[in-house]
2 protein chains.
Amino acid sequence: MPAYRAPVQDTLFLINDVLGIERHANLPGFANATPDMVEAVLTEAGKFCEEVLFPINQSGDLEGCTRHDDGSVTTPKGFKEAYKAYCDAGWGLLTAPEEFGGQGLPHVIGFPVEEYRNAANQAFAMYPGLSQGATAAILVKGSEEQKATYVPKMVSGEWTGTMNLTEPHCGTDLGLIRTRAVPNGDGSYAVTGTKIFISSGEHDLADNIIHLVLAKTPDAPDSVKGISLFIVPKFLVNEDGSLGERNTLSCGSIEHKMGIHANSTCVMNYDGAKGWMVGEENKGLAAMFIMMNAARLGVGIQGLGQADVALQNAVHYAQDRRQGRALTGPQDPEEKADPLFVHPDVRRMLMDGKATVEGLRALCLWGALQVDLSHVAASEEERQQADDLVSLLTPVIKGYGTDKGYEVATNAQQVFGGHGYIEEQGMSQYVRDARITMIYEGANGVQAMDLVGRKLAQNGGREIQDFFAIVDGECAAAKDKPAFADLAVRLEKANGELKAATMWFMQNGMANPNNVGAGAHHYMHILGIVALGSMWLMMAEAAQKALDEGRGNKPFLEAKLVTARYFGERFLPDAGSLRRKIEAGSEAMMALTPDQFLAA
Amino acid sequence: MPAYRAPVQDTLFLINDVLGIERHANLPGFANATPDMVEAVLTEAGKFCEEVLFPINQSGDLEGCTRHDDGSVTTPKGFKEAYKAYCDAGWGLLTAPEEFGGQGLPHVIGFPVEEYRNAANQAFAMYPGLSQGATAAILVKGSEEQKATYVPKMVSGEWTGTMNLTEPHCGTDLGLIRTRAVPNGDGSYAVTGTKIFISSGEHDLADNIIHLVLAKTPDAPDSVKGISLFIVPKFLVNEDGSLGERNTLSCGSIEHKMGIHANSTCVMNYDGAKGWMVGEENKGLAAMFIMMNAARLGVGIQGLGQADVALQNAVHYAQDRRQGRALTGPQDPEEKADPLFVHPDVRRMLMDGKATVEGLRALCLWGALQVDLSHVAASEEERQQADDLVSLLTPVIKGYGTDKGYEVATNAQQVFGGHGYIEEQGMSQYVRDARITMIYEGANGVQAMDLVGRKLAQNGGREIQDFFAIVDGECAAAKDKPAFADLAVRLEKANGELKAATMWFMQNGMANPNNVGAGAHHYMHILGIVALGSMWLMMAEAAQKALDEGRGNKPFLEAKLVTARYFGERFLPDAGSLRRKIEAGSEAMMALTPDQFLAA
C-alpha cells in the first residue's frame with residue numbers, strides 16, 4: 001500500500017535553523033509566525049494531507065473525472081467531501097490577506113502546506129492551487145469592487161478559480177489568441193472563444209467558478225500587446241453577493257491524459273459569456289504573469305511533492321523487499337536474502353532522490369522567503385534584492401525542479417523493479433502525475449529561455465551578479481571550516497562554471513542569439529545545481545551548529561551532513577560538462593533541415 | 001495522427017557502408033544476404049510494420065487485453081488478424097535455422113526487422129519476441145526430440161513461447177524460487193507453483209503456448225545452483241504433433257500496467273502441470289541465460305524502437321506546429337508564427353534524439369554482427385573476440401540503451417507541450433511503453449552490476465581491454481583526417497575517462513566491493529557514451545567516403561557528419577563528470593540507516 005508522511009521535521013529545520021525566520025519577526029505577517037504556531041500549523045496540515053487527501057489519491061487516479069451530457073463534471077469519489085473538509089479547516093486562508101478573511105501568514109509558511117497537499121494528491125491540490133493564482137491576479141490588478149465581490153469567497157474556498165490562456169492553436173505564443181471580448185456598453189464584455197487545457201475548468205466541488213480569461217478587445221493590436229484579462233464567472237454574482245444567472249460558458253469536453261486524472265482538464269467554450277476586465281485594456285499579459293509567476297513556483301513545488309512521495313515509498317520498499325545479498329557479504333544471514341537497501345545501485349537512486357528532494361525543498365522555501373521579503377522587508381533595497389532573486393530563480397525552481405522531480409519519481413519507480421510498473425503499487429501514478437509539471441505553466445524549455453533571454457539580461461545582469469556574490473560569499477566563509485571545506489571548494493568551482501557559461505553567452509549571444517538558446521536548458525541546470533549546492537552548504541552548516549549545541553534530532557542532523565557531502569560529490573561535477581556543452585554553441589544544433597532529421 | 005516510417009535507409013547505410021557485411025559473404029548465412037535481398041527484406045518488413053502493426057498500436061493501448069472468467073485472454077481488436085498476417089508472411093522465419101524451416105539469415109538482418117516491429121507496436125512485438133527467446137533456449141539446450149517437437153511450430157508462429165522466471169517474492173534473486181518439479185516417473189515432471197509478470201502468458205493468437213519454466217526438483221540445492229528449466233506446454237503435444245489434452249496450468253489474472261497494455265502480463269498458476277526438463281538438472285540458469293541474453297539485446301532494441309517512433313512524431317510536430325518567432329528574426333514572415341523547429345531548445349531535444357537513436361541503431365546492428373560472428377566466423381580467435389565484445393556490450397545495449405530510449409521518448413513528448421500529455425496524441429504511450437524496457441529482463445541496475453561485477457572481471461579483463469584497443473585504434477586513424485579530428489580527440493579523451501574509471505575500480509574494489517557497485521550505473525553510461533562515440537566516428541567516416549565517391553543520398557550523408565559532430569560536442573563531455581562521480585566511491589552513498597532516509 002502506498003504511504004505518505006508529511007516532512008514536517010525537515011520543514012521546521014529549514015524554517016527555524018536554515019532560514020532563521022525568527023530574524024524577521026519584526027515584519028508584517030512574520031509576527032504571528034512564532035515557532036510554536038508554525039509547528040502547530042505544519043503538523044495539522046501534514047495530518048490533513050496524510051489522512052484526508054492521500055487516501056483518495058490512487059482511487060482518484062483510477063476513477064478520473066466524468067463529464068455528463070449537460071456539461072457538468074463529477075470529480076472522483078471522496079473529492080467533494082475532502083474539499084469541504086479542506087475549506088472547513090480553513091486551509092485556503094493561510095497566506096491570504098487578513099482584510100479578505102485570510103490569516104496573512106508569510107509564504108514561507110504557506111509553501112510547505114502546498115508541498116504536502118501536492119505530494120499527497122496533486123490532482124486535488126490543483127483545485128485550490130489554481131484558485132490561489134486567480135486570486136493573486138485579482139488582488140493585484142482588480143478593482144476594489146472586484147476584490148470585494150470575488151476574493152473573500154475564493155479565499156474561503158466557496159468558489160474556485162481558473163486560468164484560461166491556451167487555445168487550440170496557441171500555447172506558449174499568446175499573441176495568437178483568438179478569443180474576443182466585445183463591450184456590452186454596460187461595463188461588461190461579451191467573451192467568445194474556445195480555451196483548452198483548462199485545469200479545474202468545471203467540477204462539482206464549489207458553488208461557483210471564477211474564470212480568468214485572456215481575450216482581445218475589438219481594436220486590440222494583433223500581438224501580445226493586444227491581450228486583456230477578464231473575470232468570467234460561471235454564475236453571475238448579484239449585488240448582494242448571491243449567485244445569479246448561469247453565464248453562457250460551458251465545458252465542451254474533458255481530456256484523457258497521461259496523469260492527474262482526478263483533475264478535470266477542460267475544453268471551455270465561451271459563447272458571448274459576460275465578463276469584466278481586470279486591470280487595463282491590452283495589459284492582460286502583465287496581469288496574467290502575476291498568476292503565472294505564482295503558478296510557476298507552485299509547479300516547482302508539485303515536482304518536489306511528487307518526488308518526495310515517490311521517494312518515501314521507494315525507501316519503504318527497499319527496506320521490506322529482500323532480494324540478493326550485500327556485496328560485502330550477507331547482512332541478514334538468518335534470512336534467505338538481504339533487503340534491497342544493501343545494494344549500492346539502489347542506494348544511489350535513494351541518495352540521488354534524497355539529495356534532490358531536500359535540496360529542492362530548501363530552495364523552494366528560500367524562494368518563498370524571498371517572495372515575502374520582496375513585499376514586506378524594511379528597506380527598498382532589501383525588497384528589491386529579494387525580488388531580484390526570486391525573479392531569477394523562479395524559472396529554475398520550475399524548470400530544473402520539475403526535471404529533477406520527474407527523474408526522482410522515475411528512479412523511485414525503478415527501485416520497485418517490475419512491481420513499479422503495475423498500477424496497483426502506485427509508483428506509476430507519481431511518474432505520470434510528475435510528468436505534467438515539466439510541461440504546464442510554460443514548458444521547461446520556455447523556462448530556460450525566460451532565464452537566459454530575460455532574467456540574465458535585465459537590469460544589466462544585476463540579478464545573476466547578486467547570486468554569484470552570495471554563493472561566493474558562502475563558499476569563502478565555509479572553506480575555513482574543515483567539515484565543509486570540500487563541499488565549499490566544489491561549490492565554488494561549480495559557481496565558476498556558471499560564471500564562465502554566463503560570460504560565454506555575453507560574448508557569443510550578440511553575434512547569434514541561437515548560441516544562447518542552444519545553451520539555455522543546460523544553463524538552467526547549472527544554475528539549479530549551484531543553487532542546490534548553496535542550499536546544501538547552508539543546511540550542512542545549520543546541522544553542524546545544532547549538533548555542536550546539542551540541539552535537535554542527531555541522526556536527522558548527521559544525515560544532512562552526509563547528504564551534503566554526497567551532493568557535492570555526485571551532483572556538482574555536472575556543472576563542468578554542462579558548461580562545455582554550452583560552449584559548443586548552436587552551429588551543429590541548428591544545421592539540419594527538417595528532411596534531414598528523418599533517416600527513414 | 002501518430003505516424004511511423006521504418007528507417008530502412010539508415011539500416012541499409014549501416015549494413016552496407018558502416019559494417020560492410022559483404023566482407024562476410026563467405027560465411028554461412030551471409031551468402032544469402034546479398035545487398036538486393038537485404039534491401040527487399042527490409043523494405044517489405046518496414047512496409048508490414050507501417051501498414052499492419054502501427055495502425056493497431058494506439059487502439060491496442062486503449063483497449064488492452066481482457067481476461068475472461070475461464071482464464072482465457074483476448075487480445076485487442078486487430079491483433080489476431082495482424083498476427084496471422086505476420087505468420088503468413090513468414091516474418092518469424094528470418095533468422096531461424098534452415099533445418100527447422102527458417103531462412104537462416106544473419107542476426108544483423110533480423111535485428112532491424114525486430115526494431116521496426118517494436119517501434120511500430122511494442123506490445124505486439126513481444127508475442128513473437130518471447131517466442132524467439134524460448135526457441136533459442138530449446139535450440140541450444142533441448143534434446144533432439146524436443147527440438148523436433150516444438151521448434152518448427154514456434155518458428156512458424158503457429159505456437160508461441162514464454163519465459164517463466166519471476167515469482168511474487170523473487171525477481172532478480174532467482175535462488176529464492178519456490179516452484180517445484182516432481183518426477184512423474186515417465187520422464188515428465190509435475191510442475192507446481194505461481195509465476196508472475198509472464199509476458200504473453202495467455203492470449204488468443206496461437207494454438208498453443210510453450211512455457212519455459214524455472215523450477216526446483218525435490219532434492220535440488222536451495223540456491224541458484226538448484227534451478228532447472230522445463231518445457232510446460234499449454235496443450236500437451238501428441239506423438240504425431242497434434243494437440244492433446246489441456247495441461248493443468250492457467251492464467252490467474254492479468255496485470256493493470258503503466259504501458260504495453262496490449263501485451264497480456266499474466267499471473268500463471270501451475271498445478272501439477274506436465275513438463276519436461278530442458279538440458280541438465282540444476283543447470284537451468286545457464287539455459288535461462290541463453291534466453292536472457294537474446295532477450296536483453298531485444299530489450300535494447302525495444303528502447304531504440306520507442307525512441308525512434310517518438311522522435312519521428314516530434315520532428316513532424318515541430319514542423320507543423322507554429323508558435324513564436326525564431327530568435328534570429330521571423331523565418332516565415334507571411335505566417336503569424338514560425339514552426340517550433342526554429343527554436344534552439346526544440347532543436348536540442350530533436351538533435352539529442354537523433355544522435356541517440358542513430359547511435360543506438362548502429363550499436364545494436366554492430367552487436368548483432370558480433371552475435372553472428374561469434375557463431376560463424378572463420379577462426380576460433382575471431383569467434384572468441386566477437387563473443388567477448390557482445391558479452392561486454394549486452395548490458396550496455398540493454399541498460400544504457402533503454403535509459404536513453406526513455407529519455408528520448410520523454411523529450412519527444414516534451415516537444416508537443418501540453419498536447420504531448422493528452423493520450424490522443426500518442427506520445428504518452430511511447431513514454432509509458434518505453435518505461436518497461438528499463439525494468440524487465442534485469443532492471444538496469446542489474447545490467448550495470450552484470451557489467452562491472454562479471455563482464456569487467458572475467459578472463460582477466462580481456463573484453464574491456466579489447467574494447468579500449470578498438471576505440472583507440474579508431475581514434476588514432478581518424479585524428480589525421482581534419483574532418484574527424486575533433487570527434488576523434490574527444491572520443492579518445494572519453495575513452496581515457498573510461499580507462500581511468502576501470503583502473504579506479506581495480507584499485508578500490510578489492511578493499512570494498514561497494515566502491516564498484518556505487519559506480520556501476522555511471523560506468524555503464526560512460527561505456528555507452530564511448531561505444532556510441534565510436535559508432536558515430538565509424539558512421540562519419542563511412543558517410544564521408546560515400547560523399548567523396550559521389551554515392552548515396554547527399555543530405556542524408558551530410559546529416560551524419562553534422563550529427564557526429566553534435567554527438568562529440570554534446571554527449572562525450574559527460575564521460576568526465578561521470579568518472580568523477582565514480583571516484584567519489586561508496587562512503588557517503590552507503591552511510592545512512594533506513595530511518596535517516598526519511599526526513600519526515
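Residues numbered from 1 in each chain as written. Chains lettered and ligands numbered in written order. Predicted model: local features only at pLDDT ≥ 70, side-chain atom pairs only at ≥ 80, totals over all residues. Heavy atoms only, no water.

Participant: In this structure, what is going on with the overall build of chain A? I would like to understand it.
Facilitator: From N to C terminus, chain A includes 19 helices and eleven strands. Its C-alpha radius of gyration of 24 Å places chain A within 12% of the 25 Å reference for a compact globule of 600 residues. By its C-alpha atoms, chain A is 80 × 65 × 60 Å across when sized along the principal axes. Of all 600 residues assigned to chain A, the portion counted as buried reaches 64%. The long-range share in chain A, meaning contacts at least 24 apart out of those at least 6 apart in sequence, stands at 73%. Computing the positive centroid from 52 side-chain charges and the negative centroid from 75, chain A places the two 4 Å apart. (Helix = DSSP H or I, 4+ residues; strand = E, 2+ residues; numbered from the N terminus. Rg over C-alpha atoms; globule rule 2.2 N^0.38 Å. Buried < 20%, exposed > 50% of the residue type's maximum accessible area, 1.4 Å probe, protein only. Contact = heavy atoms within 4.5 Å. Lys, Arg positive; Asp, Glu negative; His and termini not counted. Charge placed at Lys NZ, Arg CZ, Asp CG, Glu CD.)

Participant: Whenever I open this one, the side chain of A:Arg117 confuses me. Can you help?
Facilitator: All names here are of chain A. With respect to the helices and strands, Arg 117 occurs in helix α5 (residues 107–120). Although Arg 117 lies buried, it forms no salt bridge, and the closest oppositely charged side chain, Glu 114, sits 4.7 Å away as judged by the N-O distance. Setting aside residues no more than four positions away along its own chain, Arg 117 makes contact with Cys 49, Leu 53, Tyr 86, Trp 91, Gln 122, Ala 125, Pro 128 and Gln 132. (Salt bridge = Lys/Arg side-chain N within 4 Å of Asp/Glu carboxyl O.)

Participant: Teacher, can you tell me more about the relation of the copies chain B and chain A here?
Facilitator: Superposing the two chain copies requires a rotation about an axis and a translation along that axis. Taken as rigid bodies, chain B and chain A are interconverted by a rotation of 180 degrees and an axial shift of 0.0 Å, the fit giving an RMSD of 0.0 Å. Taken together, the rotation and translation relating the two chain copies correspond to the operation of a two-fold axis. The position closest to the rotation axis in chain B is occupied by the C-alpha of B:Ser577, lying 3.2 Å away. Of all interface residues in chain B, 100% are interface residues in chain A too; the two copies therefore contact each other through one and the same surface. (Least-squares fit on C-alpha atoms with pLDDT ≥ 70 in both.)

Participant: I tried to follow the UniProt feature "domain: Acyl-CoA dehydrogenase/oxidase N-terminal" (unreviewed entry) in chain A on my own but got confused; where do I start?
Facilitator: With numbering matched to this structure, UniProt assigns "domain: Acyl-CoA dehydrogenase/oxidase N-terminal" (unreviewed entry) to residues 75–158 of chain A. Annotation note: span residues 75–158 of chain A, helix share 68%, strand share 0%, distance between end C-alpha atoms 16 Å. (UniProt positions renumbered as here; feature names shortened; annotations may be inferred.)

Participant: Which parts of the structure should I look at to understand the packing of aromatic side chains?
Facilitator: One pair of aromatic rings is described through two measures. These are the centre distance and the angle between the planes. Scanning all chains against the criterion turns up 33 aromatic pairs over all chains. Where A:Tyr86 meets A:Phe124, the ring centres are 6.1 Å apart and the plane angle is 70 degrees; that geometry is what we call edge-to-face. In this pair, A:Tyr86 sits in helix α4 (residues 79–88) while A:Phe124 sits in helix α6 (residues 122–141), placing the two residues 38 residues apart along the sequence. An aromatic cluster is built from A:Phe48, A:Phe79, A:Tyr83, A:Tyr86, A:Trp91 and A:Phe124, whose rings are joined through pairwise contacts. A:Arg347 extends its terminal NZ or CZ atom over the ring of A:Phe341, reaching a point 3.9 Å from the ring centre. Over the face of the ring belonging to B:Phe235 we find B:Arg246, whose NZ or CZ atom lies 5.6 Å from the ring centre. (Phe/Tyr/Trp six-rings, centres within 6.5 Å; stacked < 30°, edge-to-face > 60°. Lys NZ or Arg CZ within 6 Å of the ring centre and 35° of its normal.)

Participant: So what exactly am I meant to see when it comes to the side chain of A:Asn247 here?
Facilitator: Residue and element names in this part refer to chain A. Mapped onto the secondary structure, Asn 247 falls in the loop between β9 (243–246) and β10 (249–254). The class of Asn 247 is buried, set by a relative accessible area of 6%. A distance of 2.9 Å separates a polar side-chain atom of Asn 247 from the backbone oxygen of Pro 233. At a separation of 2.8 Å, a polar atom in the side chain of Asn 247 contacts the main-chain amide nitrogen of Lys 274. Those residues within four positions of Asn 247 in sequence are excluded, and the remaining contacts are Val 232, Pro 233, Lys 234, Phe 235, Leu 236, Ala 273 and Lys 274. (Polar contact = N/O pair within 3.5 Å; in protein donor to acceptor, adjacent residues only side chain to side chain.)

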